[in-house]
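Architecture and fold: a report
The residues making up each chain are set out below.
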Amino acid sequence: MYPLRFEPIFRRYLWGGRRLATELGKSIGEGVCAESWEIVDRPEANSVIANGDLAGTTLHALIGSSGEQLLGTKVYQQIHRKELPERLRGRFPLLLKFLDANKTLSVQVHPDDLAGSKKEIPDLGKTEAWYVMDAAAGRKIYCGLKSGVDREQLAEAVTQGATEQVIHAFEPKSGDCVFVPAGTVHAIGQGLLVAEIQQSSDTTYRLFDWNRVDAEGNSRDLHVAEALQVTDFENGPVSPQTIGETGEADTQALVHCEKFSIKRRSLKAASTQIRLHGGCCLLMVVEGQLRILEEPAGELLSKGSSVLIPAALETVTLDCVDEAMVLEVRIP
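Let me sum up the structure you'll find in this document. (Residues numbered from 1 in each chain as written. Predicted model: local features only at pLDDT ≥ 70, side-chain atom pairs only at ≥ 80, totals over all residues. Heavy atoms only, no water.)

A few words now on the environment of E156. Along the chain, E156 turns up in helix α5 (residues 151-159). The partly exposed category is assigned to E156, whose relative accessible area is 41%. There is a polar contact of 2.4 Å between the side chain of E156 and the side chain of Q160. (Helix = DSSP H or I, 4+ residues; strand = E, 2+ residues; numbered from the N terminus. Buried < 20%, exposed > 50% of the residue type's maximum accessible area, 1.4 Å probe, protein only. Polar contact = N/O pair within 3.5 Å; in protein donor to acceptor, adjacent residues only side chain to side chain.)

Relative to the elements of secondary structure, S47 occurs in the loop between β4 (45-46) and α2 (59-71). From its side chain, S47 meets the backbone nitrogen of V40 in a polar contact 2.8 Å long. Beyond its immediate sequence surroundings of up to four residues, S47 is in contact with F6, I9, E38, I39, V40, T57, T58 and L59. (Contact = heavy atoms within 4.5 Å.)

The next point concerns the sheet that holds strand β12 (residues 192-199). On the basis of which strands lie adjacent, the open sheet formed by 6 strands has the order β1-β2-β5-β12-β7-β10 and antiparallel pairing. Each having just a single partner strand, β1 (9-11) and β10 (177-180) make up the two edges of the open sheet. For this sheet, the mean inter-axis angle between neighbouring strands, taken without regard to orientation, is 20 degrees. Where strand β7 (residues 128-135) lies against β10, 4 bridges are found, and the strand directions are antiparallel. (Pairing = 2+ DSSP bridges. Axes fitted to C-alpha atoms, helices over the stretch in contact; angles between N-to-C directions.)

A few words now on the packing of aromatic side chains. Taken as a whole and assessed by the stated rule, the structure comprises 4 aromatic pairs. Pairing Y13 with W15 gives two aromatic rings, centres 5.8 Å apart and planes at 35 degrees, and the pair type is tilted. A residue is classified by how much of its surface remains accessible, and W15, at 5% relative accessible area, is buried. An aromatic cluster of at least three residues, connected via ring pairs, comprises Y142, F208 and W210. Lying across the ring of W37, R11 places its NZ or CZ 4.2 Å from the centre. (Phe/Tyr/Trp six-rings, centres within 6.5 Å; stacked < 30°, edge-to-face > 60°. Lys NZ or Arg CZ within 6 Å of the ring centre and 35° of its normal.)

The next subject is the nonpolar core. If you look at the biggest cluster of nonpolar residues, it comprises 43 residues, and the most contacted ones within it are F92, Y131, F260, I262, L308 and L327. When residues in this core are grouped by element, the largest group, 5 residues, is from α2. Discounting residues that sit within four places of it in the chain, Y131 has contacts with G175, D176, C177, L193, V194, A195, L254, R264, V286, M325 and L327. Listed in part, the 19 residues of the second largest apolar core include V107, L145, L154 and A157. (Core = buried A, V, L, I, M, F, W, Y, C linked by side-chain atoms within 4.5 Å.)

Right, let's get into the side chain of T127. Along the chain, T127 turns up in the loop between α4 (113-117) and β7. For T127, a relative accessible area of 9% corresponds to the buried category. Polar contacts involving the side chain of T127 include one to the main-chain amide nitrogen of A182, which spans 3.0 Å. Excluding residues that lie within four positions of it along the chain, T127 makes contacts with F179, V180, P181, A182, I197, Q198, Q199, C257, K259 and F260.

It is worth spelling out the environment of N211 at this point. Tracing the chain through its elements places N211 in the loop between β13 (205-208) and α6 (224-230). For N211, a relative accessible area of 56% translates into the label exposed.

With that out of the way, let us pick up unusual backbone geometry. Located in the positive-phi region is W210, a residue other than glycine, with phi close to 60 degrees. Following the sequence through the fold, W210 ends up in the loop between β13 and α6. Overall, the relative accessible area of 18% leaves W210 in the buried class. In this model, H277 sits at a positive phi of 55 degrees, which is unusual for a non-glycine residue. Turning to its location among the elements, H277 is positioned in the loop between β17 (271-275) and β18 (281-292).

Dropping the structure here:
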């Protein structure tokens, strides 16, 4: 086992732009691109290993052949729980991606695990977190309902095309992290470059699409009834996460929930060792360049790169070229 890189899977939605290519070096081809799925294991989209002797192997196939070495015993047992939908059992539980929000995304909400399991085609819930890689002044994130907004008020606002009036909004800064539990009404605003960590779900219910229409005057489909059903009206306004202490120098705790944890490591021109503690670790490079000494080719990981470090390695060493910043993601 060695640190694994994967071929990105690109998603082309109407709100995408060109920044995945111009700023993150992704080979997106012509036109706009909204998302780069970095690490994913779903029936309809599966990451393919890009480096070393395992190149060409899918993440799902590797879990099938060497799951405990890759994930660690605890996570391997978690993904084989009988409570999981059968089609998602034995699959990697997270999805990592980069997003280029060239236009504001729709106002939307995702179900929790229970609601996702009851769909006609069962899915996981979707709790997620956003790390803002770039945000110019005046940009917005919409996250959580304003205090006191109930189901009737939200439904009325949607009917009147005034959903923005009942959603909490704030201006994010580069380096902010926003935690978005399942059931939270939200939208990423125009002009943001974001790293996202989420449960491996692709279920989205659109409440409002800013009254946009296409060239023929048609609006996108909405899922208002489903969205109202899964919205958690106890959730109030959401703001960026408070930075927490970790006990490690130059490392900040950003998120810790039952689905994943996120730390931010600020690396200097020196080596840093990461211990696996019996589970796998995922790294997303959000600034600078570095090498992982245990990777066979020893190639640079640049801004916009991601890697899965197998549990079997026990420790890895990050060698920073100058200065770099990485998100360290774990599965509790």
